[in-house]
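# A closer look at the structure
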Amino acid sequence: AKPWAWPLSGEEYQRYSRQMIVPNFGIEAQLQLKAAKILIIGAGGLGCPAATYLAAAGPSHIGLVDGDVVEKSNLHRQFAHATSRVGQTKVSSAITFLKDLNPNVVYKAYETHMSTSNAEEIVREWDIVLDCTDHPTSRYLISDICILLGKRLVSASAFQKSGQMMVLNDPPGQGPCYRCIFPKPPPPESVVGCGEGGILGPVVGTMGVLQALETLKVITREAPPEKNMMLLFSGMAEMPFRSIRMRGKRKDCFACGEKPSLTLEGLQTSMDYVQFCGVRRPVSLL
Amino acid sequence: AKPWAWPLSGEEYQRYSRQMIVPNFGIEAQLQLKAAKILIIGAGGLGCPAATYLAAAGPSHIGLVDGDVVEKSNLHRQFAHATSRVGQTKVSSAITFLKDLNPNVVYKAYETHMSTSNAEEIVREWDIVLDCTDHPTSRYLISDICILLGKRLVSASAFQKSGQMMVLNDPPGQGPCYRCIFPKPPPPESVVGCGEGGILGPVVGTMGVLQALETLKVITREAPPEKNMMLLFSGMAEMPFRSIRMRGKRKDCFACGEKPSLTLEGLQTSMDYVQFCGVRRPVSLL
Amino acid sequence: MGEAMTSAAIPVVVEFSGGLEMLFADKQRLTLNVPATDKDNKPATIAYLVDYLCEEEMGDARKDLFVLDGHLRPGILVLINDADWELEGEEAYELQSGDNVLFVSTLHGG
Amino acid sequence: MGEAMTSAAIPVVVEFSGGLEMLFADKQRLTLNVPATDKDNKPATIAYLVDYLCEEEMGDARKDLFVLDGHLRPGILVLINDADWELEGEEAYELQSGDNVLFVSTLHGG
Ligand SMILES: [Zn+2]
Ligand SMILES: [Zn+2]
């Protein structure tokens, strides 16, 4: 028998045929995707749809980072989990689902929250990172480690009826980081999570799916975009979407500026993201 | 023991708490949703995300209509199916998934394609309809039966890197129908489906999730919107979304105009949607 | 300013969505100066713009995917400044300086 | 037209996103005529607009969710005509007639 002479297996041609025939996608994009290792931090309302559509599209590896277990109150928006998996870790629950959707992908489980001590070890081996977390502390930490390790970062967030998305450190070393956009953290009194303030499922779902699309674009595009854009979503508005032009790198950025103060050693030994972002006073203003 | 005095069960409060605390959603919206019967026609790239987010949010009943079986080439975008369910009907595959996500909903399976002979019987018992199909023939048929039975219709479509969404016959008898917007079908040579022209998973996924959000809005809103809007999505563009203002009802509309020619009996006995939309010539122009 | 009427032009932006860009060399947006009057010296309308696009801008040979029987083919919406052209007078609408005209082809897939 | 400088006003549209509308009676969009000069007779800037919004338009008592230590609170982006204000000069940018100023609060949830 002749050796198989094609770059994809017959099963892969069958599975991915409908995206491979899209103009300007094709076999080249599929092979770029097949080589890509994608890290998704957070397996909640953003992470479920983002991981689902990315896994289905056929990357080499997907890593999932989350320290939580599935609760019933997650299920109105976190569809990669299930009633029968309440109490399991979110990472193992999601991987159960993803494996049956696409068993060709290698899934790597990190059943832990990101911290200054594990961030380098977790992020180093991946090509591109998705921030699907839900607090400023993790958003600054993830941005910082992506700057230090030269990883592009697709960042989204959602709350109640609104969502936001942007691509950071893209291309690595050139695009702005999270600190360029938000040099100071918001006062802790203004930070309310989805657990406290609520969220509509399809609002966070839309943002997670768009994060997957943006990731596919970053992996398969020919050239980086000319402008740094941010997408705003107001789920109840007559015109729900708006694209705005973000600033570029901040010259004096703590993490990525001309004379950055951030180092890998500093991150691991002396950064305190909880203190940096502050802790809410007992009586909340919101 | 005192009888349970609350409008939702303890399990429901727990499951839906994160959406019930969203401002202007609350218990009223949850109860409207709990009374709603939602029919989703098509369990493919649009129907999977639409059904998932709607089922998760807690309606009374969800009906799913589709005559196809799951193929491997569906799985890059149709995440409610699974590799282990290839060969099952799409409707039974999707219901397997949805039941484990939210067992509180009653799911009704229609393992068939919509036709002039079953359309009335299928659509009559539902409150609101989602068109998640993929051909003009079904789009005209679904719009016509929704006009005849007074059902609101949330319609979306997607192809390659683009998507569109609009709400039709809303409020019933007042908003435009599909024929008001597109009185004549496109020439069959210009109609290419996702099977032939391809589709990116997160593109059709975004449209399906947005269809779910629009359905939640229609079910729970206080008053209908003042304008008929259509959402356009170009997945690869710098500004990917655009909202445009649609026309209103067409006075001479065949289905919903001042002197409509369409009747329920006529639909069942003399309408031929395949002939109306035409059949492509053997050698395609596209 | 001082130009003869016949050489006056109207600046408009024409955009394509839903796949029509394929007929115009994959351009989603054209910035055009359309003659202010047609050959009969009548003000340029949308009908005129459609002809103009076919003759001057469309590289693709498949003109019947844009125009059929002398009119825009069924399944294409026209939005003038983001509102359906029905709200503006359809083919007879006279182009104004700075107008944005968007042609949207219906999608059917799902 | 003939009005004294001191009473001149600049028409601007101010919009809110990401939850800030809650501080402004749930309005996503305000159409304002902002005084063209501040009390020192200097041209109205974004810094002046922020003060003006606090004093004239904000019904909510939680001013520290919008302004902190005399400046816009951290975590709020300002977009002038859909571009980051850094591209325009930040707080010192002088308002122009017809400007669209969008205030966006960061969201953190997921
Ligand atoms: Zn930076
Ligand atoms: Zn009609």
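Residues numbered from 1 in each chain as written. Chains lettered and ligands numbered in written order. Predicted model: local features only at pLDDT ≥ 70, side-chain atom pairs only at ≥ 80, totals over all residues. Heavy atoms only, no water.

Going by what an unreviewed UniProt entry lists, chain C is known as Ubiquitin-related modifier 1 and is assigned to Emericellopsis atlantica. Per UniProt, chain C has the following entry under Subcellular location (unreviewed entry): "Cytoplasm". (UniProt positions renumbered as here; feature names shortened; annotations may be inferred.)

This part takes up the packing of aromatic side chains. Aromatic ring pairs: the centre-centre distance and the angle between the two ring planes describe each pair. For the structure shown, the criterion picks out 26 aromatic pairs over all chains. Centroid distance tyrosine 110 of chain B to tryptophan 126 of chain B: 6.5 Å. Interplanar angle 70°. Geometry classified as edge-to-face. Of the two residues, tyrosine 110 of chain B sits in strand 3 (residues 106–110) while tryptophan 126 of chain B sits in the loop between helix 5 (119–123) and strand 4 (128–131), which places them 16 residues apart along the sequence. Of the residues examined, tyrosine 110 of chain B reaches a relative accessible area of 11% and is grouped as buried. Look at tryptophan 126 of chain B and you get buried, because its relative accessible area is 1%. A ring pair is formed by phenylalanine 24 of chain D and phenylalanine 66 of chain D, whose centres lie 5.5 Å apart and whose planes are at 80°; its orientation type is edge-to-face. In this pair, phenylalanine 24 of chain D is assigned in the loop between strand 1 (9–17) and strand 2 (29–35) and phenylalanine 66 of chain D in the loop between helix 1 (46–57) and strand 3 (67–68), connecting sequence segments 42 residues apart. (Phe/Tyr/Trp six-rings, centres within 6.5 Å; stacked < 30°, edge-to-face > 60°. Helix = DSSP H or I, 4+ residues; strand = E, 2+ residues; numbered from the N terminus. Buried < 20%, exposed > 50% of the residue type's maximum accessible area, 1.4 Å probe, protein only.)

This part takes up the interface of chain C and chain B. Opposite the 29 residues of chain C that make contact, chain B presents 39 residues. At the boundary of chain C with chain B, total buried surface from both sides reaches about 2700 Å², with 60% on carbon and sulfur atoms. Ranking the residues of chain C by area buried against chain B places Leu107, His108 and Gly110 of chain C at the top, with a combined share of 28%. If you look at where chain C meets chain B, you find 4 salt bridges. Between glutamate 86 of chain C and arginine 247 of chain B there is a salt bridge, and its shortest N-O distance comes to 3.4 Å. Our enumeration of links across chain C and chain B arrives at 14 residue pairs in polar contact (both at pLDDT 80 or more). Those elements giving two or more residues to the side of chain C that touches chain B turn out to be strand 1 (9–17), strand 5 (76–80), strand 6 (83–84) and strand 7 (100–105) of chain C. Considering only residue class, the side of chain C that touches chain B consists of 11 nonpolar, 10 polar and 8 charged. (Contact = heavy atoms within 4.5 Å. Buried area = accessible area lost by both parts, 1.4 Å probe. Salt bridge = Lys/Arg side-chain N within 4 Å of Asp/Glu carboxyl O. Polar contact = N/O pair within 3.5 Å; in protein donor to acceptor, adjacent residues only side chain to side chain. Nonpolar A, V, L, I, M, F, W, Y, C, P; charged D, E, K, R; others polar.)

Its place among the elements puts arginine 85 of chain B in the loop between strand 2 (61–65) and helix 4 (90–101). Buried charge arginine 85 of chain B goes without a salt bridge, the closest partner of opposite sign being aspartate 100 of chain A at 4.4 Å. At 2.8 Å, the side chain of arginine 85 of chain B forms a polar contact with the backbone oxygen of alanine 80 of chain B. If sequence neighbours within four positions are ignored, arginine 85 of chain B has contacts with Asp100 of chain A together with Val70, Ala80, Ser93, Thr96 and Phe97 of chain B. (Lys, Arg positive; Asp, Glu negative; His and termini not counted.)

Residue and element names in this part refer to chain B. Of all 7 residues making up strand 6 (residues 162–168), 7 are buried, and the element is well covered by its neighbours. Side chains of strand 6 alternate between two faces, with Ser162, Gln164, Met166 and Leu168 and Gly163, Met165 and Val167 buried alike. Pairing of strand 5 (residues 152–159) with strand 6, which is carried by 7 bridges, proceeds in the antiparallel orientation. The residue bridging valine 154 from the neighbouring strand is valine 167, located in strand 6. Where strand 5 folds back onto strand 6 in an antiparallel hairpin, the turn is made up of 2 residues, including glutamine 160, whose phi is positive at roughly 55°. (Pairing = 2+ DSSP bridges.)

With that settled, consider the coordination of the zinc ion (ligand 2). Ideal values for angles at a metal depend on the geometry: 109.5 degrees with four tetrahedral donors, 90 or 180 degrees with six octahedral donors. All names here are of chain B. Listed as protein donors to the zinc ion (ligand 2) are Cys177 (SG), Cys180 (SG), Cys253 (SG) and Cys256 (SG); their distances from the metal cover 2.2 to 2.3 Å. Geometry at the zinc ion (ligand 2) is tetrahedral, judged from its 4 donor atoms and the angles of 92 to 120° they form at the metal. Spacing between the donor residues of the zinc ion (ligand 2) along their common chain follows C-x2-C-x72-C-x2-C. Here cysteine 180, found in helix 7 (residues 178–181), pairs with cysteine 256, found in the loop between strand 8 (241–245) and helix 10 (264–270); they are 76 residues apart in sequence, far enough to count as distant. According to the relative accessible area criterion, cysteine 256 is buried, its value standing at 7%. (Donors = N, O, S within 2.8 Å, 3.2 Å for Na, K, Ca; no water. Tetrahedral: all angles 85-135°; square planar, octahedral: opposite > 155°, others 65-115°.)

Residue and element names in this part refer to chain A. Structurally, the position occupied by arginine 152 is in strand 5 (residues 152–159). With 25 residues separating them along the chain, arginine 152 and aspartate 127 place their C-alpha atoms 7.6 Å apart. With residues near it in sequence (within four places) discarded, arginine 152 still touches Asp127, Ile128, Val129, Leu168, Asn169, Asp170, Pro172, Val218 and Arg221.

With that settled, the discussion passes to the UniProt feature "modified residue: 1-thioglycine" (unreviewed entry) in chain C. Taken from the UniProt record, the annotation "modified residue: 1-thioglycine" (unreviewed entry) applies to Gly110 of chain C. Tracing the chain through its elements places glycine 110 of chain C in the segment after strand 7. Note on glycine 110 of chain C: relative accessible area 10%, which makes it buried. Setting aside chain neighbours within four positions, we find glycine 110 of chain C in contact with Gly44, Gly45, Leu46, Cys132, Thr133, Asp134, Ala158, Cys194 and Val204 of chain B.

One pass over the full model with this rule turns up 34 salt bridges over all chains. Its salt-bridge partner being arginine 15 of chain A, residue glutamate 11 of chain A comes within 3.2 Å of it at the nearest N-O pair. Residue glutamate 11 of chain A and its partner arginine 15 of chain A are both found in helix 1 (residues 10–20); the two are separated by 4 residues, about one turn of the helix. Under the relative-accessibility criterion, arginine 15 of chain A is labelled buried at 0%. For lysine 39 of chain C, the salt bridge goes to aspartate 40 of chain C, with nearest N and O atoms at 3.9 Å. Overlapping salt bridges bring together Arg242 of chain A together with Glu15, Arg29 and Asp82 of chain D as one network.

To continue, consider the coordination of the zinc ion (ligand 1). All names here are of chain A. Looking at the metal site, the zinc ion (ligand 1) is ligated by Cys177 (SG), Cys180 (SG), Cys253 (SG) and Cys256 (SG), spaced 2.2 to 2.3 Å from it. Bound by 4 donor atoms, the zinc ion (ligand 1) shows angles of 93 to 120° at the metal and therefore tetrahedral coordination geometry. The sequence pattern formed by the donor residues of the zinc ion (ligand 1) is C-x2-C-x72-C-x2-C. Here the residue cysteine 180 occupies a position in helix 7 (residues 178–181), and cysteine 253 occupies one in the loop between strand 8 (241–245) and helix 10 (264–269), the gap between them amounting to 73 residues. Accessibility classification places cysteine 180 together with cysteine 253 in one group, the buried group.

The next thing to look at is the relation of the copies chain B and chain A. Relative to chain A, chain B is turned by 180° and slid 0.0 Å along the rotation axis, the superposed coordinates differing by an RMSD of 0.0 Å. On this basis, the relationship between the two copies can be described by a two-fold rotation axis. (Least-squares fit on C-alpha atoms with pLDDT ≥ 70 in both.)

On to the confidence of the model for chain C, then. All names here are of chain C. Across chain C, the average pLDDT comes to 89, with 94% of residues at or above 70. Contacts of residues 1–5 to residues separated by more than four positions or lying in other chains number 1 contact, the stretch itself having pLDDT below 50. Here the predicted complex scores 0.95 on pTM and 0.94 on ipTM. (pLDDT = per-residue confidence, 0-100.)

Turning our eyes to something else, we now look at the arrangement of the chains. Where 3 pairs of chains are in contact, the pair with the most contacts is made of chains A and B. What separates chain A from chain C at the closest point of their C-alpha atoms is a distance of 10 Å, and the two make no contact. For the non-touching pair chain B and chain D, the nearest C-alpha separation works out to 10 Å.

Taken together, the contacts link 64 residues of chain B with 64 residues of chain A. Across the chain B/chain A interface, buried area totals approximately 5400 Å², and carbon plus sulfur atoms make up 64% of it. Viewed at the interface, chain A and chain B are joined by 4 salt bridges. A salt bridge links lysine 72 of chain A to glutamate 11 of chain B, with the shortest nitrogen-to-oxygen separation between them at 3.1 Å. Our enumeration of links across chain B and chain A arrives at 20 residue pairs in polar contact (both at pLDDT 80 or more). Breaking the side of chain B that touches chain A down by element, the ones donating at least two residues are helix 1 (10–20), helix 3 (47–57), helix 4, helix 8 (194–197), helix 9 (201–220), strand 7 (229–234) and strand 8 of chain B. Here the element with the most residues in the side of chain B that touches chain A is helix 9 of chain B; it accounts for 11 residues.

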